[in-house]
Amino acid sequence: MPETGFSSFNTTVDKTNRILKHIEQEYGWPKERRNQSYAALRGVLHALRDRLTVEEAAQLSAQLPMLVRGIYFEGWDPTHVPMKMDKEEFLSRVRREVPYEIKGGMEPLVRTVVHALQSHVTAGEWEDIQASLPKGLAALFPA
């Protein structure tokens, strides 16, 4: 783990690296493809953030590791949310942010990223997210 000299920073870097490693292991990607796992995490976080209400987006962010929270909020304009997206529109949005060929398409990638985040987000929060999404889209975010 990179040593930052500040324990809170070390912890968030470690948690973020574990999330990225989880995504890489699911796909069999070597660590050298870290840009790919980062793009997947970022794309899913941004699409989800923009689909949620401001309140729900803030509640989710409170549970994310500090560094992941920064990725989540990067470029956010809360005056333009929630963006109405069904499942296919959501997957297309993720696709636009992930400039890599992904085996199996975007749906398995979204599920993999969500699974990687599950150890940081409570089941109750996933239930809240599911309740705020259209049924088809909510299925991508199991509690």
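Above this text you will find the structure in question.
Residues numbered from 1 in each chain as written. Predicted model: local features only at pLDDT ≥ 70, side-chain atom pairs only at ≥ 80, totals over all residues. Heavy atoms only, no water.

**Considering the environment of Lys 15**
Piece 1. Residue position: Lys 15 is located in helix 1 (residues 7-27).
Piece 2. A relative accessible area of 29% means that Lys 15 is categorised as partly exposed.
Piece 3. Sequence separation between Lys 15 and Asp 128 is 113 residues; the distance between their C-alpha atoms is 23 Å.
Piece 4. Apart from residues lying up to four places away in sequence, Lys 15 is in contact with Pro 65 and His 120. (Helix = DSSP H or I, 4+ residues; strand = E, 2+ residues; numbered from the N terminus. Buried < 20%, exposed > 50% of the residue type's maximum accessible area, 1.4 Å probe, protein only. Contact = heavy atoms within 4.5 Å.)

**Side note on the pattern of salt bridges**
Any two side chains of opposite charge can pair if their charged atoms end up close together.
Piece 1. Throughout the structure, instances matching the rule amount to nine salt bridges.
Piece 2. With a closest N to O distance of 2.5 Å, Arg 34 and Glu 24 form a salt bridge. On the criterion of sequence distance, the pair formed by Arg 34 in helix 2 (residues 34-51) and Glu 24 in helix 1 is long-range, its members being 10 residues apart.
Piece 3. One network of salt bridges, with partners in common, ties together Arg 42, Arg 49, Asp 50, Glu 74, Arg 93 and Glu 97. (Salt bridge = Lys/Arg side-chain N within 4 Å of Asp/Glu carboxyl O.)

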